[in-house]
Amino acid sequence: MVIKTAILKRLGPIPFWRGEKKCQEELEKIYKKAAEKAASALADTAKP
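Starting afresh in each chain, residues are numbered from 1 along the sequence in its written order. Where local features are concerned, this predicted model is filtered to residues with pLDDT of at least 70; where side-chain atom pairs are given and counted, the filter is 80 or more; whole-chain, interface and lining totals use all residues. No hydrogens and no water enter the side-chain calculation; it runs on all heavy atoms of the structure.

Student: I'd like a description of the overall build of the protein, backed by residues and values.
Tutor: Secondary structure elements are taken from DSSP: a helix is a run of H or I of four residues or more, a strand is a run of E of two residues or more, and numbering for both begins at the N terminus. Summing up its helical and strand segments, the protein has two helices and zero strands in all. For the protein, the proportion of its 48 residues judged to be buried stands at 6%. Under the convention used here, a 1.4 Å probe and the Shrake-Rupley method define accessible areas, while residue burial counts only the protein chains that appear. Accessible surface, the protein: about 4,500 Å² in total, of which carbon and sulfur atoms supply 61%. The rule is simple: take the accessible area with a 1.4 Å probe, protein chains only, and divide by the maximum for that residue type; under 20% is buried, over 50% is exposed, in between is partly exposed.

Student: Describe in detail the environment of Lys 32, supporting the description with residues and values.
Tutor: Residue position: Lys 32 is located in helix α2 (residues 23–46). Between the alpha carbons of Lys 32 and Lys 4 there is a distance of 9.1 Å; along the sequence they are 28 residues apart.

Purely spatial values, then, with no claim about function.
What follows is the structure in structure tokens.
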């Protein structure tokens, strides 16, 4: 599954981010997990 985070990349660095990890990398992980859960939920509703 390809997760497109073009908007995050276009926004650039988050100025208020104070974490030790890079904000964009962490958000990409969250987006990927959310997309996988959404795809799974949609697949479950499509079953008869």
